[in-house]
Amino acid sequence: MDYKHLKFEKRNDGVMILKISRVEALNALNKSVLNELSYFFNSTMNDCSIRVVVLTGDGEKSFVAGADIKEMYNLNLSESVSFAKYGQKLLLSMYNYHAPIVAAVNGYALGGGFEMALCCDVIFASKNARFGFPEVTLGIIPGFGGTQVLRRLVGEKNAKYLILSGEIISAEDAYRMNILSKIYENQADLVAGAINYAEKIAKNSPKSVELAKRAINVSFDLSLERGLEYESSLFGVLFTTDDQKEGMRAFVEKRKAEFKGN
Ligand code: CAA
């Protein structure tokens, strides 16, 4: 794929920094950006050399300012349903990606951009970040999963508060709603903080990280009993790996473990 709107930095420790770059439109998701993201996440799914992804927006103003309104303007019924399903499929593939994705929200995360941040595993933001679902001000509703995912994260009342009003909130308010894990003073600190956090993940057993992410993801759909059953089966699977032997041997030998992902 000839990437026009994605910038990559793949480091030796397994940290992949991925930047969405369509600065002239505040990184809005047009078909081309969506195609590139879909291709990237599908073609690298289960690529063990990627242990964690840091996802951010290019420029100083925006993470992603939503789906491209100029491209959506003329869609008809079936085209708009297909468009929503395409975006949902991408975000689901990110949610189920083998490696954690850390969103470093460096400005606007609106509509589809907020939905994209929500499908990441951890969200950090800079002080100037802004979050919201302006869809109702455009005559539509969130279409890349916002109504379903936000409710699971912040509860019915807060989800309705945001989605029904279209209100755009500050990073501090998003933090208070439990959407964010950390706020940084500026963009440079944000990216450095997200990379620093990603480095911690990259040092861990990749299989442990992958299965822990999967166990938490499925917990939304399972009863506690079924979830516990699933957790114990994944716990058992990890005892068949070399990394479990290495991790526990390293503890006993008082040294740092070196995980190979096997
Ligand atoms: N789609 C297309 N173009 C966009 C865009 C979007 N979502 N957001 C910004 N742009 C473009 C603007 O049209 C403008 O382009 P031109 O210079 O060619 O006019 C450029 O980016 C810069 O934007 P502004 O001049 O508007 O910048 P600003 O600082 O004055 O305002 C903003 C920033 C408040 C984010 C404003 O751009 C804005 O409101 N953008 C739209 C946000 C939005 O409604 N997002 C939701 C989209 S719907 C959706 O995402 C549905 C879904 O669930 C999938």
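These remarks concern the structure in this document. (Residues numbered from 1 in each chain as written. Predicted model: local features only at pLDDT ≥ 70, side-chain atom pairs only at ≥ 80, totals over all residues. Heavy atoms only, no water.)

With that out of the way, let us pick up the layout of surface pockets. Each pocket or cavity is described by its volume, and for the largest pocket that value is around 860 Å³. Looking at the largest pocket, it is lined by 31 residues, and the ones nearest its centre are Tyr95, Leu118, Val149, Asn217 and Phe220. Residue assignment for the lining of the largest pocket shows that the elements contributing at least two residues are α3 (77–95), α4 (112–118), β7 (122–126), α5 (146–165) and α8 (206–219). Ranked by residue count, the leading element in the lining of the largest pocket is α8, at 7 residues. Split by residue class, the lining of the largest pocket holds 17 nonpolar, 8 polar and 6 charged. Here the lining of the largest pocket spans two domains, since at least three of its residues come from each of domain 1 (6–202) and domain 2 (206–252). (1 Å grid on protein atoms, 1.4 Å probe; cavity = no way out; pocket = protein on both sides within 12 Å on 5 of 7 lines; lining within 4 Å. Points joined across faces, edges and corners; volume = space filled by probe spheres on them. Helix = DSSP H or I, 4+ residues; strand = E, 2+ residues; numbered from the N terminus. Nonpolar A, V, L, I, M, F, W, Y, C, P; charged D, E, K, R; others polar. Domains from an automatic or database assignment.)

The next point concerns unusual backbone geometry. A positive phi angle, close to 55°, is found at leucine 26, a residue other than glycine. Within the fold, leucine 26 resides in the loop between β2 (15–20) and α1 (31–44). In the Ramachandran plot, asparagine 178 falls in the positive-phi region, its phi being about 70° despite a non-glycine side chain. Mapped onto the secondary structure, asparagine 178 falls in the loop between α6 (171–176) and β10 (182–184). By relative accessible area, which is 58% here, asparagine 178 ends up exposed. (Buried < 20%, exposed > 50% of the residue type's maximum accessible area, 1.4 Å probe, protein only.)

On to the side chain of threonine 56, then. Here threonine 56 shows up in strand β3 (residues 52–57). Here asparagine 106 takes part through its side chain, which lies 3.5 Å from a polar atom of the side chain of threonine 56. Other than its neighbours up to four places away in sequence, threonine 56 contacts Leu18, Lys19, Ile20, Phe63, Ala104 and Asn106. (Polar contact = N/O pair within 3.5 Å; in protein donor to acceptor, adjacent residues only side chain to side chain. Contact = heavy atoms within 4.5 Å.)

Here we take up the packing of aromatic side chains. For any pair of aromatic rings, the description consists of the separation of the ring centres together with the inter-plane angle of the planes. The tally for this structure, following the rule as stated, stands at 11 aromatic pairs. Considering the side-chain rings of tyrosine 3 and phenylalanine 8, the 4.8 Å spacing of their centres and the 70° angle between planes classify their relative orientation as edge-to-face. Residue classification places tyrosine 3 among the partly exposed residues on the basis of a relative accessible area of 25%. Residue phenylalanine 8 is classed as partly exposed on the basis of its relative accessible area of 35%. Considering the side-chain rings of phenylalanine 114 and phenylalanine 133, the 4.7 Å spacing of their centres and the 25° angle between planes classify their relative orientation as stacked. With phenylalanine 114 in helix α4 and phenylalanine 133 in the loop between β8 (130–132) and α5, the pair connects residues that are 19 residues apart, well separated along the chain. Judged by relative accessible area, which is 0%, phenylalanine 114 ranks as buried. A relative accessible area of 0% means that phenylalanine 133 is categorised as buried. (Phe/Tyr/Trp six-rings, centres within 6.5 Å; stacked < 30°, edge-to-face > 60°.)

With respect to the element layout, isoleucine 201 can be found in helix α7 (residues 187–203). A relative accessible area of 10% places isoleucine 201 in the buried class. In sequence terms isoleucine 201 and alanine 99 are 102 residues apart; their C-alpha atoms lie 9.4 Å from each other. Each residue touching isoleucine 201, except ones within four places of it in the same chain, is listed here: Arg51, Val52, Pro100 and Val209.

Further remarks concern the site of the ligand. Inspection of the region around the ligand gives 24 residues, with Lys61, Ala67, Gly112, Glu115 and Glu135 positioned closest. Take glutamate 24: an N or O atom from its main chain is 3.5 Å from an oxygen atom of the ligand. Alone, the ligand offers 970 Å² of accessible surface; in the complex the protein occludes 66% of this. Elements with a minimum of two residues in the shell around the ligand: α2 (69–72), β6 (108–110) and α4. Tallying contributions element by element places α2 first for the shell around the ligand, with 3 residues. Residue classes in the shell around the ligand are distributed as 14 nonpolar, 4 polar and 6 charged. (Near = heavy atom within 4 Å. Areas by Shrake-Rupley, 256 points an atom, 1.4 Å probe, with all protein chains shown as cover.)

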